Each structure stands twice: as C-alpha cells, then as structure tokens.
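Geometric and topological summary
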Amino acid sequence: MAIGLTRRRILVAGMTHAAFVSIAGTFAIAPSAKADEQIESITWALPSIPETLFIPHAWMTYAGAIMSLVQEGPLAIGDDLALQPASADRWEEVNPTTVKYHLRGGVKFGDGSPLTVDDIVATFKYHMSPDSGSQLASFYNSVATVEATAPDEVTVKLKAPNVQFAFTPAHMAGFVFKKEQLADKKIGTPEVLPLGTGPYKLVEFVPADRVVLEARDDYWGAKPVVKRITFQAIPDRSARLLAMQQGEIDGTFDLAISDIDQWKALGNVDVVATPSLGVYLLTLDHSAPPFDDIHVRRAVAYSVDRKGLVAALLKGNGEAATALNPPEIWSGVLPLDEVRAFYATLMPNYAFDLKKAKAELAQSSHPDGFDVTIPASTADPYMVNIMQSVTENLKQIGIRAHIQEIDNNTWFTNYINHDKLGMQIMAYYPDFAHAANYPSLFFSSANAKKDGMNGSNFNNPEVDAKLEIANENADPNARADALKKVFKIANEEVAVVPIFWPASAMAINNKYKLTGYTAFWYNIPWAVRGFGLK
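Residues numbered from 1 in each chain as written. Predicted model: local features only at pLDDT ≥ 70, side-chain atom pairs only at ≥ 80, totals over all residues. Heavy atoms only, no water.

So the rule is basically this: UniProt positions are given in the numbering used here, feature names are shortened, and annotations may be inferred rather than shown by experiment.
The protein appears in an unreviewed UniProt entry as ABC transporter substrate-binding protein from Sinorhizobium chiapasense. The Sequence similarities (unreviewed entry) comment attached to the protein in UniProt states, word for word, "Belongs to the bacterial solute-binding protein 5 family." Its UniProt record gives the protein a comment under Subcellular location (unreviewed entry), which states: "Periplasm".

Pasting the structure below:
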C-alpha cells in the first residue's frame, strides 16, 4: 500500500511537463461535501450513452462516468491516484498470493438491502467465468479462488504474485453487483437497472440517449452535493458547445483539445485539463492478410504523421507516441528519464516517412496495395480526424483506405467481438497507473480473442513469458527489464502503431467547481470529489 504514495510522487513530478490550460486540483485531496451546498440538479453531456449499463458488457469510459456514481468496489482510487478503502474499510496482503478484504459495516445497495460477502464473491466469480463473456475477465486471470472466509471477510488467492491485481477491486472490474441481479439476463436494461452501493441510484435509462441518477440518503460515505444528475448523449461536438452556450447542460467530459478556445470563449465555462495517461493507436490483425505481412505493418507505421497530428489536433498539448505506454505510466517501475532514454533506443523508430513506407510495401506480398476500411467512432474527439490524415497518407503509397464513421457503441462492440478486425483505431485510457496495464491488455496472447483488447491478435511466446515476469516478480528492476524486452519485440514486430498520448479536458459551468477531476474520471465517483458551488 505504501507503494501507491511513492508512485504518486513520481507521477506528479513526471507529469508537470504536460500540464496546459489549467490543471485545477488534479492531484489535490478533494474537500468533503457540505449539506448546505446541495444542488437540486445538473445535466451532464456525454459524447455517447451506452446501450446497456451492465459494465461487464459495456466496458467504456462513458459507461464508467455514469456507473462510478452508482457502483463501487471494495477499494477505490483516490484523488492522489493511490488505493483507498471503499465498501471494504481495510484490506490485508497476507502473503504475496493472498489478500483479505474486510467489509465496512452498514453498506447498503440502492434498494436498501445490505452488501454481503456473497455479493463480492459472486461478482468476482462472474468475471472469472468463461460463460459470462465479461469484457473485464482479463483482470481476474491471476485469481485462483475467491471465497467468503468470515461474515465480513472475502479472501482472494492468486495463482502467483501479480502486481496488477491490487488495483482490480478499485476500478470498473471491481464494481460490486447484487448477487441476485447477476442471474437476471436483463440486467443493465431499463427493466433491470443495476444496483450498487455508490452515492447515487439509477432511476431512468433510455439506451443510447439518457440516464438519470438520484442521490441516496442512506449512502455510507459523504452526502452527495447534487441531488439529481441527468446524463444526456450529445455526440456532435458543435451541438454540445451550443448546448453549453444556451445553458442546457452544466458540463461535459472528453473535449477535443482543438476546440478548447471555442469553449473558453463562451464566457460561462471553465475548461479543466489533466494529463490523461491515455494513448491512441492502430491495431493491425496479424492473423490474416494483408497485415500478417510485417512489411505491410511497417508501411502503415511509417505512414502516420504523429507530430503533425499532435500539432493539428492537440495544439501541442500531448505528445507523439513512440510506444504504447505514456512515459509517466512507468512510474514506480522506471524513472521518467530512463523511460525516455529507452524509447529513444527502439528501432526502427517509424518516424513519418512515405518513401520508407512505399519501400516496405514494395517488399510485401501486396506491392500493388489493397483496399481496407477502418471503423472510427464519431463520438470520439479525435478518431475521425486521425483517420482522415492516415488514409490520405496510405493512399499516397497505394493502400486504398476508407473510413467507416459509426456510433461509439457499434465501434466498440465490433472491436471487442474481434470480428473482421483488419485495421482498427483504438483510444485507450488506463484502468490504473501501472506500466504492465497496457502491454498485458494489448500484447498478451491471452487477450487475442473475443472480449480481449489485443485487437492485433499479436501472439509471441517470449512476450507472454516476459509479461509473466512483469506481473509476478516483486523486484522492480526485474519487472522493468522484462517490460523493456516486451516493448522492444512489440516495436520490431509492429504489434500496434502508437499515434499520440493526449491530455484530457472537460468543461464545467463556471458557477460550479470540480476539484477531483483526475486521469481516472471514469473510474471514480467524480460528482462527490469536490463538486459544488463556487
């Protein structure tokens, strides 16, 4: 547990370079809500509202922004990004493979029923069951058993030590469901709204359109400041801006950085930004033509103008990605300067070069090019614009690339189903701050399947072996060496094509404040983290 504090300090130091616009209280401890500050209602726009509110089948940031106010895990991620108690008031690492969680007394679900150890055990086992099709199953790959060992105690035993599992009870993978609801096939629909032990309860859900929450008077923690929150889907960026200008919404997440000046010009808005630890990337399906040919993959990698995209879309508020991991996410494993020095050694570096791209394609089994269609979410602030740049470059080397603009829910469903992957664009934000998070999801062969994030179907036994070391070895130096080897192989094999590491921005009516906005806004109960009237 002390590691979290150390990691936070390194993280703060490492992120300073990326700060821009105004980073308000990103790592500050949010003040507790006061009863006399209560607000009747707010309306919050999201680029997309999911089709289901059942997180195991809707593992997206926008679903998290809603359900993190309704559900919670045994633990939570604090504003300092360290682990803190939630529905468990304490936890104990008995040995490297055994963790005990002690339930807090008096915690209830939104229907007034008490949280029990059976609910936690049932939730964890749901994710572990292959029959459930949970998109978060990979976070439980290291778990051997989970059982109730006392009326107020749950014990998890791991197959082997795993540094990532410590975070699982604190993010979306750890949100606890009521046991009886997990057996209901309609959970997540308007007919069976998921119950949670968080500060709000669901009262209305219109799939893909809106969600309404009401504050709970019987929540075990601090009383929510806002009594009623309505989430409204507004996919179009201009429409969201207009809604804010006309006072129809009180705030929104996931602004395009290129739009920030327009938002600030509204006059009634504060724009708040934070380092996101996120990454945009292309996945290329290694299991089928044409991307099973490394020369084709290299041709694509050389065709991405990363620096140009950062300048055009992020206005410099982000960084061209040279690897999957943002450098800051290595904190606790490797110092920032050593990460950057290591990234500089990765060869080839795939800097934008259409001559090299043409030369690689000429060496491939598709020298005359081919047709490819890339799906892109219209709700995402950057995907379509990125692909417009990439497809124009690919056309110059003979690859006839086309963009398929689709809604966010369809885009993610197609990706996670691993159906005709070809080339995909992905935006991924961290579940927690650890260097093994991203490579385990995108490079492990265990995730090269339906409901897995390895959209490249990348499969390399040496990478799998090194990932085991990175996850199981207690020595940070051994973990760092293993991860370096993983990234070296992934770069050589073009496991993915990293594009950029963006900052994250939100807008809020300037009569309100939100001091607890962090890189994990979709995993934390943001509306009770320093939200209130100024």
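There is more to say, and it comes next.
Topic: the packing of helix α7 (residues 294–302) against helix α10 (residues 354–363)
The line we're drawing: Interaxial angle, 0 to 180 degrees, is taken between N-to-C directions of lines fitted to C-alpha atoms, where a helix line uses only the stretch in contact. Helix and strand assignments come from DSSP, with helices taken as H or I runs of at least 4 residues and strands as E runs of at least 2, each series counted from the N terminus. Working rule for angles: under 35 degrees goes down as roughly parallel, over 145 as roughly antiparallel, 65 to 115 as roughly perpendicular, anything else as oblique. Note: crossing handedness is left-handed where the near helix turns anticlockwise from the far helix by less than a right angle, and right-handed where it turns clockwise. A contact between two residues is defined here by any heavy atoms of the two lying within 4.5 Å. When residues are grouped by polarity, Ala, Val, Leu, Ile, Met, Phe, Trp, Tyr, Cys and Pro land in nonpolar, Asp, Glu, Lys and Arg in charged, and all others, Gly among them, in polar.
Where α7 meets α10, the closest approach of the two axes is 8 Å, and the angle between their N-to-C directions is 165°. In this view, α7 runs roughly antiparallel relative to α10, as classed from their interaxial angle. Between α7 and α10 the crossing geometry is left-handed. On the side of α7, the interface is formed by H295, V296, R298, A299 and Y302, while α10 contributes L354, K356, A357, E360, L361 and Q363. Looking at the contact of α7 with α10 residue by residue, the class counts come to six nonpolar, two polar and three charged.

Focus on the environment of N460
Note the threshold: Two N or O atoms form a polar contact when they lie within 3.5 Å of each other; inside protein one atom must be a possible hydrogen donor and the other a possible acceptor, and for residues adjacent in sequence the pair counts only when both atoms belong to side chains.
Mapped onto the secondary structure, N460 falls in the loop between α13 (437–443) and α14 (461–472). Remark: the alpha-carbon pair of N460 and I489, spanning 29 residues in sequence, is separated by 8.7 Å. Separated by 2.9 Å, the side chain of N460 and the backbone nitrogen of E462 make a polar contact.

Some details on the nonpolar core
Across soluble globular proteins, nonpolar side chains have a tendency to be buried as a group. The cut-off we apply is this: Put simply, a nonpolar core is a bunch of buried Ala, Val, Leu, Ile, Met, Phe, Trp, Tyr and Cys residues held in one set by side-chain atoms that sit within 4.5 Å of each other. Only protein chains enter the accessibility calculation, which uses a 1.4 Å probe. A residue is then buried if its area is under 20% of the maximum for its type, exposed if over 50%, and partly exposed in between.
Counting 181 residues, the largest nonpolar core has F231, I386, F443 and W526 as its most contacted members. Of the residues forming this core, the biggest block, nine residues, is contributed by strand β18 (residues 496–509). Ignoring any residue separated from it by four or fewer positions in sequence, one finds F443 in contact with L324, Y438, N454, F458, V463, D464, L467, V486, F487, A490, A495 and V496.

Topic: helix α5 (residues 237–245)
Along an α-helix, a turn takes 3.6 residues, which lines up residues three or four apart on a common side. Our working definition: What the arc covers is the set of directions going from the helix axis to the C-beta atoms.
Residues R240, L241, A243 and M244 constitute the buried set of α5. Here the buried residues of α5 occupy an arc of 160° about the axis, which is enough to place them on one side. For α5, the exposed residues set more than 90 degrees away from the buried face come down to S238 and Q245. Buried residues belonging to α5 abut β1 (39–46), β11 (251–252), α6 (260–264), β12 (269–275) and β18. Two to three positions downstream of the cap, the backbone nitrogen of S238 sits 3.1 Å from a side-chain oxygen, assigning the N-cap of α5 to D236. Downstream of α5 by one or two residues, G247 has phi in the positive range, about 75°.

Description of the packing of α14 against helix α15 (residues 476–493)
Running from N to C, α14 and α15 point in directions that differ by 155°, and their axes come no closer than 8 Å. When the interaxial angle is binned, α14 and α15 end up roughly antiparallel. When you trace α14 past α15, the crossing you get is left-handed. Contacts from E462, V463, K466, L467, I469 and A470 of α14 reach α15 at A478, R479, A482, L483, K485, V486 and I489. Looking at the contact of α14 with α15 residue by residue, the class counts come to nine nonpolar, no polar and four charged.

Observations concerning the sheet that holds strand β5 (residues 98–103)
Sheet strands pair via backbone hydrogen bonds, and the direction of the pair is either parallel or antiparallel. For the record, the criterion: Strands pair, by our definition, only if DSSP identifies at least two bridges between them.
Reading across from one edge, β4-β5-β7-β6 is the order of the four strands in this open sheet, with antiparallel pairing throughout. Two strands in the sheet have a free side with no partner beyond their single neighbour: β4 (88–95) and β6 (143–150). On average, each strand axis in the sheet is inclined to that of its neighbour by 20°, with strand direction left out of account. Of the strand pairs in this sheet, β4 and β5 are connected by six bridges, and their pairing is antiparallel. Considered in β5, the bridge of E92 is made with K100. Along the sheet face, helix α3 (residues 117–128) touches β5, β6 and β7 (153–158) and points at about 170° away from the line of β6.

What to know about α14
Defined as follows: For a helix, the expected span equals 1.5 Å multiplied by the residue count minus one.
The first and last C-alpha atoms of α14 sit 17 Å apart over twelve residues, in line with the 16 Å expected at 1.5 Å per residue. Taken together, the buried positions of α14 are V463, D464, L467, A470 and N471. All buried residues of α14 project into a common sector of 120° when viewed along the axis, lining one side. At its buried positions, α14 is contacted by α13 and α15. Where α14 begins, the capping side chain belongs to N460, and its oxygen is found 2.9 Å from the backbone nitrogen of E462.

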